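Structure at a glance
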Amino acid sequence: MHSLPGIVAVGYINEAIDEGNPFKTLESLLLPTSNIKDVDPDYAQHYQDVLHHAKSQKFRNPESISKVLWLEEIQQAINEANGNKDRAKQGVTLIIDVNQCLEGKKPNDILSILKSSACNANDIIPECADRYYEALEKAKGLKTGKVSNEGSWLKLTLQEKYDYYYNVDSKEGSWVLPESYFCKESWLTEKEIEDVIEEVTLGYMREKMWSASEDLLLRFRSTTSGNILMEEFEARKSFFYGQEKNVVKIQTFWKGHKQRKAYMDRRQMFFDNVHSIVKIQSWFRMATARKTYLSRLQYFKDHSNEIVKIQSLLRANKAREDYKTLVGSENPPLTVIRTFVHLLDQSDLDFQEELEVAQLREEVVTKIRANQQLEKDLNLMDIKIGLLVKNRITLEDVISHRTKLDKKKGEVLNTIDKHGIKSLSKERRKTLETYQQLFYLLQTNPLYLAKLIFQMPQNKSTKFMDTVIFTLYNYASNQREEYLLLKLFKTALEEEIQLKVDQVQDIVTGNPTVIKMVVSFNRGARGQNTLRQLLAPVVKEIIDDNSLMINTSPVEVYKAWVNQLETQTGEASKLPYDVTTEQALTYPEVKNKLEASIENLRTVTDKVLNSIVSSLDQLPYGLRYIAKVLKNSIHEKFPDATEDELLKIVGNLLYYRYMNPAIVAPDGFDIIDMTAGGQINSDQRRNLGSVAKVLQHAASNKLFEGENEHLSSMNDYLSKTYEEFRKYFKEACDVPEPEEKFNMDKYTDLVTVSKPVIYISIEEIISTHSLLLEHQDVIAPEKTDSLTELLGLLGDVPTVESFLGEGAVDPNDPDKESILNQLSKTEISLFLTSKYDIEDGEVIDGRSLMIQTKKLIVDVIRNQPGHTLTDILETPATAQQELDHASDMVSRAIIDSRTPEEMKYSQSMMEDAQLPLEQKKRKIQRNLRTLEQTGLVSSENNYQEILNEIAKDIRNQRIYRKLRKAELAKLQQTLKALNDKAAFYEDQVNYYDTYIKTCLDNLNRKNSRRSIKFDGKGEPKGAKRSKAVKYTAAKLHEKGILLGIDDVQTNQFKNVTFDIIATEDVGIFDVRSKFLGVEMEKVQLNIQDLLQMQYEGVAVMKMFDKVKVNVNLLIYLLNKKFYGK
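Residues numbered from 1 in each chain as written. Predicted model: local features only at pLDDT ≥ 70, side-chain atom pairs only at ≥ 80, totals over all residues. Heavy atoms only, no water.

1. Description of the confidence of the model for the protein chain
Here the protein chain averages 76 in pLDDT, and 79% of its residues register 70 or above. Per-element mean pLDDT across the protein chain ranges from 48 in helix α15 (residues 395-413) up to 92 in helix α11 (residues 274-302). Overall, residues 407-425 carries pLDDT values under 50, and its contacts beyond four positions in sequence, including any with other chains, amount to 24 contacts. (pLDDT = per-residue confidence, 0-100. Helix = DSSP H or I, 4+ residues; strand = E, 2+ residues; numbered from the N terminus. Contact = heavy atoms within 4.5 Å.)

Encoded structure:
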């Protein structure tokens, strides 16, 4: 007798077996209440297979009363599986030992191996050892000759239904087919080994049977008639061998005759005793039935608790079947819908999760905007510090901007809820509601924004896209807004292709607005992780490889080589400074360095390519969908375009515009983590640029020709890489439509709990209003257009002051403009609503009426059962049903009272919910007649269309809850990434603080020694300078620094002198020229400019517009004389 916990464990185990999930089956087997012994977690899959087979056998057995496995049967199956485990190990040992013995040519070991590893060691005959080895060796030789692809996996089949896999190299075993399964085909399998053993053994035994009387025959031969008897024996034996077929036939005939005779005798006996047989059968059946009934009755009494549990399982199974019908059936019946209609109710958890999502979404959007502003300010700080280093601005300018940065950071960190919608004046609230309806219309109808984008200048449209559009869609922070944003991208892209693309190549050669917007969005906060996952490991590997040097420009390689020679020796090289590509390639050193660079380039490019093509699933869905739209739209406008041309355009989007910049400048796209003040050096940047160049050529199927002819050895590699890219681009376009991906349709907004919300500044609201009015004739030319109606209600574009209403700012405040400017940046939350929902009980359109009717039907069928909707509507409700309905409505009113304002239904729907049951049914009948006139439903099928819509709402509600949980996790992940990025910006700010403090400290030290003017208008008297270094032109010419002076002969160089003086600014030198002691001209040299020239390969420069000098040797001289290097 099983206990109740045992019965529960049986239920869980059988449910897990039916689901086919081995891990869930293992988990249920390990339950303490199940008391199942000897369970090994490593064999979960085999336990699942054995248990499933046992249950299937029991299910097919007509004599089995119960169709579930009980604990004894489960334990028996587990023991069987454990036995299979030992049998599999024995089989693997046999295969490995026999094959290794054959390969090692060890015939003496075969007998011991077979005795120790064979399934039935008693069948192994020691006298046959040599025969076993020879037969096995012959079989393996035949099998080895047919092998074409050798793997490392062995496969054993146990009981003709379970497969076991074993890897000879890694000693790894598995009951599941491995992903990288290649059979070791040259080895004999267990069955082949056993067949050979059986064949040899049988042959030996047959041979012994024929020779059993050999001793007797030998004794006969020694007699006088022995030879005659031997001849007769051999003749008889030969005769039997020759007539073997006939002998078999005779034996078969005789056996058949005996069997038929026995059958006929038995049959005749039954015919002679029919009456007695019937009596015996009746008595036996009666006794068996009575015994079975009494035993079953007693069993039920003994297991009443377990029976209740089983009944619960059956009811749960019935519920699952009903849900499958709800989900999978095209026309689910009303009885099934009624079972699950409670899923449409909103619980406190739903409201709590909705509020949490809304709060996180607001934080994400605010943090994105804050980080974008902080990034812009930091970039400007970079520029100002760079100008400071080059002495273009003063330190006061940098400190001033740093102060502003602190102020902006403080503004970002402070919340501004006090300027939200609740603080607006009452007279402005109606206008704000109209704005909510306006932005809902813009959000859900992408054609307006798609047209507006192309009516603005390029610079203005870019700013509009980066701020208003992404703000309107909350940076796609949830499924709904990502779906709507993709619809906008699609509509705008199709519009741009129709209006502005005249040739297929225009997409590649131009800079399409929508493509730029798509790439910008997918590189933003939501798409940044994808680029990091895709490229970060391989890019970091390239950057960290300090030995990697890739330079594919022969001229640069040549100049670097010459610079290296001159810098090391301090003497002018006799090689020419300016050479062409062809001339540079004549030097063996250049060719060797170039070939090494090309080989390195191939290696690292392969790594980047493999990282890209193996990560297709990580590519953002939105980017892949727009690639599909781009390909289809171009093909529709240019039907003659080839598949290669279309895929090159897709490649231009996916690789060149999306990935290529991130490879070239990974630090600029947050692909790799950079410390504050850190940067990628020039060699690392050139390595990355070279890889990006090769991949760009490969993606566009462009070979190295013309000025890149020296790289033509890579053309075969480019063609091969293009084929991989081509397949990648084609597969990237194979994505479902957004409706299928996000499970969205026109009713989605009407079944969700909360209204859509956006976070937008007052300045952006006013700017959008202004643009819509400015271009209204183009984007909404019809007077009856919904946008025209809303713009008419809003009137003229308001100012910030009029938007906020009177009293928001003191008109006499001297800082009024500054305050208004600050208030214009205030973000407010708009809960978007459609102007064309149900209002004041009036039905605007069929869609709204359908929604209203569905809600009424749900209330009715919850309390009144029936087979069809028509039956329920025509059958009067009982008093009890009215009471139950009233009680449900009271409970709903209590929940509605706790519901946040923005999540409540419209007033008309709340009023309908309070109607009595019969009044609701009458209203449903009126609504259904109206809907039937519009063709949305039909009475002929009992209004199945509206029932299908309710079933769809139930399914979508479940999906929406799952998506909401996924969105919560995604928002938390995004917020964490944004906080990390903000922390990085904080590090940048701290780094700038340290730099500015160092500048101030240096300034204070200099002020203690000398007087410095910040305006740079003059040098104070008495300022000390470094001692001047004087050289004649002849001396500099002798050192190789001076190459020549225009209009001055070499023999006159002794009359020309140069004074080099270090100024107060580090790295800045004054050079004065004199002729016969008379000062002629003065020029200023910047050591940073000279180093930049050296880096760019400029070997010769001019001073005073006439003096030619060697840059490398001049740097060498300055380092030696002024820096002691």
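Having seen it, we continue.
2. Side note on the packing of helix α3 (residues 44-60) against helix α4 (residues 71-103)
Interhelical geometry of α3 versus α4 gives an angle of 130 degrees and a closest axis separation of 9 Å. It follows that α3 is oblique to α4 by the angle criterion. Of the two elements, α3 crosses α4, and the hand of that crossing is right-handed. In this structure, α3 contributes His46, Tyr47, Val50, Leu51 and Lys58 to the contact, and α4 contributes Glu73, Ile74, Ala77, Ile78, Glu80, Ala81, Asn82 and Asn84. Considered class by class, the residues forming the contact of α3 with α4 number seven nonpolar, three polar and three charged. (Axes fitted to C-alpha atoms, helices over the stretch in contact; angles between N-to-C directions. Parallel < 35°, antiparallel > 145°, perpendicular 65-115°, else oblique. Left-handed = near helix turned anticlockwise from the far one by under 90°. Nonpolar A, V, L, I, M, F, W, Y, C, P; charged D, E, K, R; others polar.)

3. Focus: the sheet that holds strand β1 (residues 153-158)
Taken in spatial order, the three strands line up as β1-β2-β3 in an open sheet, and their pairing is antiparallel. Across the chains shown, the open sheet's two edge strands, defined by having one partner strand only, are β1 and β3 (172-174). When strand polarity is set aside, the average angle formed by the axes of neighbouring strands in this sheet is 20 degrees. As defined by bridge partners, β1 adjoins strand β2 (residues 162-167) across six bridges and the pair is classed as antiparallel. By the bridge assignment for β2, Leu154 is matched with Tyr166. Sheet strands touched by α4: β1 and β2. Its angle to β1, the strand with the most contacts, is close to 135 degrees. (Pairing = 2+ DSSP bridges.)

4. Notes on the pattern of salt bridges
For the structure shown, the criterion picks out 22 salt bridges. Put simply, Lys105 and Glu137 hold a salt bridge, and the shortest N to O gap is 3.2 Å. You can see Lys105 sitting in the loop between α4 and α5 (110-117) and its partner Glu137 sitting in helix α6 (residues 129-144), a full 32 residues away along the chain. Measuring nitrogen to oxygen at the nearest pair gives 2.8 Å for the salt bridge that ties Asp683 to Arg686. A residue pair is termed a helical-turn pair when its members lie 3 or 4 positions apart in one helix, as Asp683 and Arg686 do in helix α28 (residues 682-699) at three residues. (Salt bridge = Lys/Arg side-chain N within 4 Å of Asp/Glu carboxyl O.)

5. Section: helix α26 (residues 621-637)
Over its 17 residues, α26 runs 24 Å from end to end, which matches the ideal 24 Å to within 8%, given 1.5 Å per residue. Within α26, 13 of the 17 residues are buried, which leaves the element mostly enclosed by the surrounding structure. (Expected span 1.5 Å × (residues − 1). Buried < 20%, exposed > 50% of the residue type's maximum accessible area, 1.4 Å probe, protein only.)

6. So, the pairing of strand β5 (residues 827-831)
Taking burial as the measure, the five residues of β5 include four buried ones, the bulk of the element. As judged from the five bridges shared by strand β4 (residues 757-761) and β5, these two strands associate in the antiparallel manner. In the sheet register, Ile760 faces β5, and the bridge partner there is Ile828.

7. Comments concerning α3
Compared with an ideal rise of 1.5 Å per residue, which puts 17 residues at 24 Å, α3 spans 24 Å between its outermost C-alpha atoms and is within 8% of the ideal. Burial in α3 covers these residues: Ala44, His46, Tyr47, Gln48, Val50, Leu51, Lys55, Ser56 and Lys58.

8. Considering empty space enclosed by the protein
Scanning the model with the defined rule gives six cavities of 30 Å³ or more in all. If you add up the space inside the second largest cavity, you get close to 80 Å³. Around the second largest cavity, the lining residues are Leu1036, Ile1041, Leu1042, Phe1058, Ile1060, Val1071, Leu1085, Met1103, Val1109, Leu1114 and Leu1117. Of all elements in the fold, only β8 (1056-1062) and α45 (1111-1122) reach the threshold of two or more residues within the lining of the second largest cavity. Across the lining of the second largest cavity, the residue classes tally to 11 nonpolar, no polar and no charged. (1 Å grid on protein atoms, 1.4 Å probe; cavity = no way out; pocket = protein on both sides within 12 Å on 5 of 7 lines; lining within 4 Å. Points joined across faces, edges and corners; volume = space filled by probe spheres on them.)

9. Examining unusual backbone geometry
The backbone phi angle of Asn942 is positive, close to 60 degrees, even though this residue is not glycine. Tracing the chain through its elements places Asn942 in the loop between α41 (917-934) and α42 (944-1009). Phi at Tyr943 takes a positive value of approximately 60 degrees, unusual for a residue other than glycine. Structurally, Tyr943 is set in the loop between α41 and α42.

10. Examining the packing of aromatic side chains
In this description, a pair of aromatic rings is defined by centroid distance and the angle of the planes. Going through the model one piece at a time under the given rule, you end up with eight aromatic pairs. Both rings, one in Phe239 and one in Phe240, keep their centres 6.0 Å apart while their planes meet at 55 degrees; by these two values the pair is tilted. An aromatic cluster is defined as three or more aromatic residues linked by ring pairs; in this entry it consists of Tyr655, Phe725, Tyr728 and Phe729. Directly above the aromatic system of Tyr621 lies the positively charged group of Lys741, at a separation of 5.3 Å from the ring centroid. (Phe/Tyr/Trp six-rings, centres within 6.5 Å; stacked < 30°, edge-to-face > 60°. Lys NZ or Arg CZ within 6 Å of the ring centre and 35° of its normal.)

11. Side note on the pairing of strand β11 (residues 1100-1103)
Burial of β11 is one-sided: the residues Met1101 and Met1103 facing one way are buried, the residues Val1100 and Lys1102 facing the other way are not. In terms of strand pairing, β11 meets strand β12 (residues 1107-1110) through four bridges, oriented antiparallel. Counted as the bridge partner of Lys1102 is Lys1108 from β12. Counted along the chain from β11 to the antiparallel partner β12, the turn is three residues long, and its residue Phe1104 has a positive phi close to 55 degrees.

12. Looking at a nonpolar patch on the surface
Judged by side-chain polarity, Phe1075, Leu1076, Val1078 and Met1080 come together as a nonpolar surface patch covering roughly 400 Å² of accessible area. Structurally, Leu1076 is set in the loop between β9 (1068-1075) and β10 (1078-1086). Leu1076 gets classed as exposed once you look at its relative accessible area, which sits at 59%. (Patch = residues over 30% accessible without salt bridge, like charges linked within 9 Å, V, L, I, M, F, W, Y side chains within 5 Å. Areas by Shrake-Rupley, 256 points an atom, 1.4 Å probe, with all protein chains shown as cover.)

13. Overview of the sheet that holds strand β6 (residues 1029-1032)
Strand order across the open sheet formed by four strands is β6-β8-β9-β10, with antiparallel pairing between neighbours. On the outer flanks of this sheet lie β6 and β10, each paired with one strand and no other. Across the sheet, the mean angle separating the axes of adjacent strands is 20 degrees when strand polarity is ignored. The pairing of β9 with β10 spans eight bridges and is antiparallel. Residue pairing for β10: Ser1073 is matched across the bridge by Glu1081.

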